[in-house]
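One letter stands for each residue in the lines below.
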Amino acid sequence: MMSGVPEALEGLKIMNIFDIHHKSSDGKARTGVLHLPHGDVQTPVFMPVGTNATVKAMPKDFLEEIDFEIILANTYHLFLRPGADLIQQAGGLHGFSKWNRNFLTDSGGFQVFSLSKLRKITDDGVKFQSNIDGSYHFFTPENVVQTQVKFNSDIQMQLDVCTGYDEPRKAAEKALRITSDWLVRAKKEWELAQAEGYKGILFPIVQGHFSEDLRRQSAEFVSSLDMPGIAIGGLSVGEPHDEFVHFMNYTCQYLPEAKPKYVMGIGTPEYILDAVAAGVDMFDCVLPTRNARNGSYFTHNGMLSIKQERWTSDFGPVDPQCNCKVCRTYSRSYLRHLFKEQEILSCILASYHNLYFLQNMMKEIRAAINEDRFEQYKKDFLQKFKEGV
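Keep in mind that what you see is a predicted model, and the values were worked out from it rather than measured. (Residues numbered from 1 in each chain as written. Predicted model: local features only at pLDDT ≥ 70, side-chain atom pairs only at ≥ 80, totals over all residues. Heavy atoms only, no water.)

Quick word on the sheet that holds strand β2 (residues 30-36)
Argument step 1. Strand order in the open sheet formed by 3 strands is β1-β2-β3, and the pairing between neighbours is antiparallel. At either end of the open sheet lies a strand with only one pairing partner, and these are β1 (18-23) and β3 (39-43). On average, each strand axis in the sheet is inclined to that of its neighbour by 15°, with strand direction left out of account.
Argument step 2. Judged from the 5 bridges that link them, β2 and β3 form a sheet pairing that is antiparallel. Looking at β3, one finds that Leu36 is bridged to Gly39. (Pairing = 2+ DSSP bridges. Helix = DSSP H or I, 4+ residues; strand = E, 2+ residues; numbered from the N terminus. Axes fitted to C-alpha atoms, helices over the stretch in contact; angles between N-to-C directions.)

If you want it as structure tokens, here you go:
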């Protein structure tokens, strides 16, 4: 145990937040359990994104019905509106939203990246302009931890600097240096919060752009701090798929096997299966619900665009292999009608189906790993998925 670590943090480490249940005999895939303040989470796990403390078009009852154990919320957006103090007064994100299972909150680092025209990064932190009203704010590693403590996040992320795929080497080196410095500061602030009774955990983020030496440097530095879990950032930012796979696998080899690993921002079956094959335990993405609002449904035979005219008189289910209540109840014809008429119900039903589809896929993945047949499952699933509807 590191000297100077608060007693509350020692208790957390002794408790162990992650148990590996089974390692597949045919690769690196594994199943496990995350022990978090608001219940255990089975891994590998896909986490729906609830930017504003709500997964779009999905009441919490639906998320519970599908059996999600953890969802995301966005620090940047919730900091701006309604504000961390109000959320704290309501009893944190759980009291505010009445979602009583786990919340992971990102740090706002990706929004700082994606809203690059409205920010300025320094060694101290990042000054940014609100996309809502143009007001100026300043994020530091410390106040981002403090904000997420007010949210009572079960897992919170460090403030980091994310770089785009085409970023020059010099910029990537600077981003990594700042991210590493910010991690040390964030860790100190989190330890203080733990000593004061905060039960949530902090994940550091590996950066390093698309340079092997920087990736290794970041992974080894993060690993040396012996934190509860590790996130891999800076991937799925516009790079080709083979680059994503290479750098994800390259990074994972330098991370401790016993820690839960989280690749940020992936949500298609192909990317999820690649991540699981690399030994990754956690992933998230807005894609399932965003696709749903645009009339795009996941099916076992690939993506189905409900807006297409060929579904006008098709009274079969969206996916005959899916057992969700949308597929059991409604026809492609009716769902196309809802979408064409811009009915709110279209977003609700499509979001429910897409999230159910991915959650069911995760259950199948965990079963396949436990039965030492994951690589065959991956091959069979993708072969059929790529056939197209």
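Things to note about unusual backbone geometry
Argument step 1. Following Thr43, the chain continues to Pro44 via a peptide bond in cis, the omega torsion being 0°.
Argument step 2. Along the chain, the position of Pro44 falls in the loop between β3 and β4 (45-48).

A closer look at the side chain of Gln359
Argument step 1. Tracing the backbone through its elements, the reader meets Gln359 in helix α15 (residues 344-370).
Argument step 2. Residues contacting Gln359, with those up to four places away along its chain left out, are Ile66, Asp67 and Phe68. (Contact = heavy atoms within 4.5 Å.)

What to know about the nonpolar core
Argument step 1. Formed by 102 residues in total, the largest nonpolar core has its most connected members in Tyr262 and Ile365.
Argument step 2. In terms of residue count, the dominant contributor to this core is α15 (11 residues).
Argument step 3. Residues contacting Ile365, with those up to four places away along its chain left out, are Pro44, Ile272, Leu273, Val276, Phe374 and Tyr377.
Argument step 4. Phe139, Val144, Leu159 and Ile178 belong to the second-largest nonpolar core, a separate cluster that totals 11 residues. (Core = buried A, V, L, I, M, F, W, Y, C linked by side-chain atoms within 4.5 Å. Buried < 20%, exposed > 50% of the residue type's maximum accessible area, 1.4 Å probe, protein only.)

Things to note about the pattern of salt bridges
Argument step 1. For the structure shown, the criterion picks out 18 salt bridges.
Argument step 2. Note that Arg185 and Glu142 form a salt bridge whose closest N and O atoms lie 2.9 Å from each other. Here Glu142 lies in helix α7 (residues 141-151) and Arg185 lies in helix α8 (residues 169-195), a separation of 43 residues in the sequence.
Argument step 3. Overall, the relative accessible area of 26% leaves Arg185 in the partly exposed class.
Argument step 4. With a closest N to O distance of 2.6 Å, Arg373 and Glu371 form a salt bridge.
Argument step 5. Ionic contacts of the salt-bridge type, sharing partners, join the residues Asp123, Arg177 and Asp181 into one network. (Salt bridge = Lys/Arg side-chain N within 4 Å of Asp/Glu carboxyl O.)

Some remarks on the packing of α8 against helix α9 (residues 212-224)
Argument step 1. Where α8 contacts α9, the two axes come as close as 11 Å, and the packing angle between them is 0°. If you check the angle between α8 and α9, you find them roughly parallel. Facing α8, whose interface residues are Arg169, Ala172, Glu173, Leu176, Ser180, Leu183 and Val184, α9 presents Asp213, Leu214, Gln217, Ser218, Phe221 and Val222.
Argument step 2. Split by residue class, the contact of α8 with α9 holds 7 nonpolar, 3 polar and 3 charged. (Parallel < 35°, antiparallel > 145°, perpendicular 65-115°, else oblique. Nonpolar A, V, L, I, M, F, W, Y, C, P; charged D, E, K, R; others polar.)

Remember, this is a structural readout, not a statement about activity or role.
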